[in-house]
Amino acid sequence: MDIAICTLGCKVNQYETQAIETELIRRGHSLVPFDGPADAYIVNTCTVTAVSDHKSRQAIRRCRKQNPLAVVAVCGCYAQTDPEAVARLDVDLVGGASGRMAFLDRLEELAARRGGDHSPTVTVGSIMSVRAFEELPAGGLAGRTRAMLKIEDGCVNFCSYCIIPYARGPVRSLPLDRAAAEAGRLAAEGYKELVLTGIEISSWGQDFRDGSSPIDVIEAVCRAAPGCRVRLGSLEPRTITGDFCRRAAALPNLCPHFHLSLQSGCDATLKRMNRKYDTARYLESVELLRKLFGEPGITTDLIVGFPGETEEEFAQTLDFLRTCAFTAMHIFPYSRRSGTPADRMPGQVPKSVKEDRARRAAAVAEELRQSYLRGWVGRTLPVLFEEEKDGLWRGHAPNYAEVFAPGQDLHNAERTVRVTGVQGDHLTGVLA
C-alpha cells in the first residue's frame, strides 16, 4: 500500500512514527506525503493540551476528505485517552499508545477486506496495566545525522495540569544492555548524534527497583557509541545532583545541553502544580551544571496563567527566569484539560491575561537568548551540519545553538566554526 502518516506532539511521538515508518517499509509498503492521495492514512495523535486534541481531530478529518476509500487508522495519546471520540470521526481503526506492531497488523487486515463493514475497530486497552517496555526500531529513514533513541515510557508524577500519565501509563524502562546495543547499532549505521528521549527520562530505572538511575544508562550509551554525540531529552530538575554532574562531565561525547522543566518560577504556583521541587532546588541544579560544564545550554518549559497565578506570582517567575539565565525557552499559556485536578481549581485566568503574560515571558526569554548567543561571537564551536538552507549549511553545536556557515557537502559532517555574528535566533560563522 501507499501509506501516509501525520505526527503530532512530542519527540516520543516522532520517534514512534519513525519506528512505524521503518516497519512499514520492511513489510513492503511505500510512504507517501500526507497531503496527497494514499491507500491508508495513519494519524499519531497528541493530547497534551486542548489545542492538541483539536489538531488531532483536524488531521483525522482531513484523511477522509483526501481519499474517501482509504483506510484511516489513529493511534497515540489522544486515541488512548478518548477512543470513543476518535471512533466517531469516521475512522477504521483506533489504537492507543502501546502495541504499535499489533496496530500495524490490524491495519493490514482491515485493508485486505476493505469495502465490508465500516464500523471502527477499537483496540485500545488499559494503559495502566502495561508493565513492559515496548522496543521499537530506532533510527529513521531520513539522512544519517541525528537519531532518537527512546529509553523510557510512562510517567507517575501526576502534575495537577497534566493528562499524560493517563495517556502513557506507568514507568517502563529500556534495559541498560539493550540501550547500549541500540546505541552501538545506530552509530554503526552512520548517525553522528543520538538523542535520548522518553516521556520522563528522569524516571528511567525506577521500574527495575535495583537502584538504577538515569546516569547509568547515559554512561552506557555514551560508551557504546564513543564516536557519536549524545544529547539528553527533558530532565526533571531533581535528577541533577553532584554525583550526576561529576559522572556526566566525565563523558566526552555528552552534549552540554540540559533541558530542565521549570513550569513556574513561583513556589506557590509550583505547589499548586504538584511539582516535586521548589525554586531553590531548581536553582541548585542550574548552578551545579554551570559549575561542572562551564557554559552549557540550559533550556526550559514555562506555563503562564496557571489557575490562581497572580500578577505578583508572575513577576516572581520573570525574576527567576533572569536569575537562571536560560539559553532558550518554550512558553505555553495554561490549557485546561478535563480530568485533571487543575481543571477544577478556582482562579482560572482569563485568556487575554494568559496571552499577555506569554508575550512578556517571551520577551524575557528572547533577551536572555540573545545575551547567550552574543557571548559566542569571536569564539569557535564544533558544529554537526544537517542540511543546506538558503545557500548556507545549517547545524547545531553541542550546546544546541543553531549555526549557519558557508561550505561544500557538509551533510553529517562535524566541523569547527568560528562564530562571526548573531542573526535572529541563530549564530553565523565560517569554517575554521
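See the structure printed just above.
Take the environment of P307 next. Tracing the sequence through the fold places P307 in the loop between β12 (297-304) and α12 (311-324). A residue is classified by how much of its surface remains accessible, and P307, at 1% relative accessible area, is buried. Spatially, the C-alpha atom of P307 lies 36 Å from that of I5, the residues being 302 residues apart in sequence.

Mapped onto the elements, G139 comes out in the loop between β6 (121-122) and β7 (146-153). By relative accessible area, G139 is classed as buried at 4%. Considering only alpha carbons, one finds G139 and A220, 81 residues apart in sequence, at a separation of 18 Å. Not counting residues within four places of it along the chain, the set of residues in contact with G139 comprises Q18, A147, M148, L186 and Y191.

Let us now look at the packing of aromatic side chains. All told, the structure shown has ten aromatic pairs when counted by the stated rule. For the ring pair Y161 and F306, a centre distance of 6.2 Å and an interplane angle of 85° mean the geometry is edge-to-face. Here F306 lies in the loop between β12 and α12 and Y161 lies in the loop between β7 and α6 (164-168), a separation of 145 residues in the sequence. Of the two residues, Y161 and F306, neither departs from the other in class, the shared state being buried.

Reading across from one edge, β2-β1-β3-β4-β5-β6 is the order of the six strands in this open sheet, with parallel pairing throughout. In the strand order of this sheet, the two ends are held by β2 (30-31) and β6, each with one partner. Docked against the sheet, helix α1 (residues 11-26) engages β1 (2-7), β2 and β3 (40-45), running at close to 175° with respect to β1.

With 71 residues, the main nonpolar core has I218 and F244 as its most contacted residues. If we skip the residues at most four places from it in the chain, F244 touches I215, I218, L232, L235, T239 and F258. By size, the runner-up hydrophobic cluster in this structure holds 22 residues, among which are Y41, C46, C63 and A87.

Time to look at helix α8 (residues 214-224). By the criterion of burial, α8 is predominantly enclosed, with eight of the eleven residues buried. P214, I215, V217, I218, E219, A220, V221 and C222 are the residues of α8 that are buried. Looking at the buried residues of α8, the elements they touch are β7, α7 (176-188), β9 (193-198), β10 (229-232) and α9 (242-249).

It is worth spelling out the packing of α1 against helix α5 (residues 100-112) at this point. Following both chains from N to C, one finds α1 and α5 inclined at 50°, their axes separated by 11 Å at the closest point. It follows that α1 is oblique to α5 by the angle criterion. For the pair α1 and α5, the crossing hand works out as right-handed. Across the interface between the two elements, E16, I20, E23 and L24 from α1 touch R100, M101 and L104 from α5. Classifying every residue of the contact of α1 with α5 gives four nonpolar, no polar and three charged.

Cut-offs and rules
- Residues numbered from 1 in each chain as written.
- Predicted model: local features only at pLDDT ≥ 70, side-chain atom pairs only at ≥ 80, totals over all residues.
- Heavy atoms only, no water.
- Helix = DSSP H or I, 4+ residues; strand = E, 2+ residues; numbered from the N terminus.
- Buried < 20%, exposed > 50% of the residue type's maximum accessible area, 1.4 Å probe, protein only.
- Contact = heavy atoms within 4.5 Å.
- Phe/Tyr/Trp six-rings, centres within 6.5 Å; stacked < 30°, edge-to-face > 60°.
- Pairing = 2+ DSSP bridges.
- Axes fitted to C-alpha atoms, helices over the stretch in contact; angles between N-to-C directions.
- Core = buried A, V, L, I, M, F, W, Y, C linked by side-chain atoms within 4.5 Å.
- Parallel < 35°, antiparallel > 145°, perpendicular 65-115°, else oblique.
- Left-handed = near helix turned anticlockwise from the far one by under 90°.
- Nonpolar A, V, L, I, M, F, W, Y, C, P; charged D, E, K, R; others polar.

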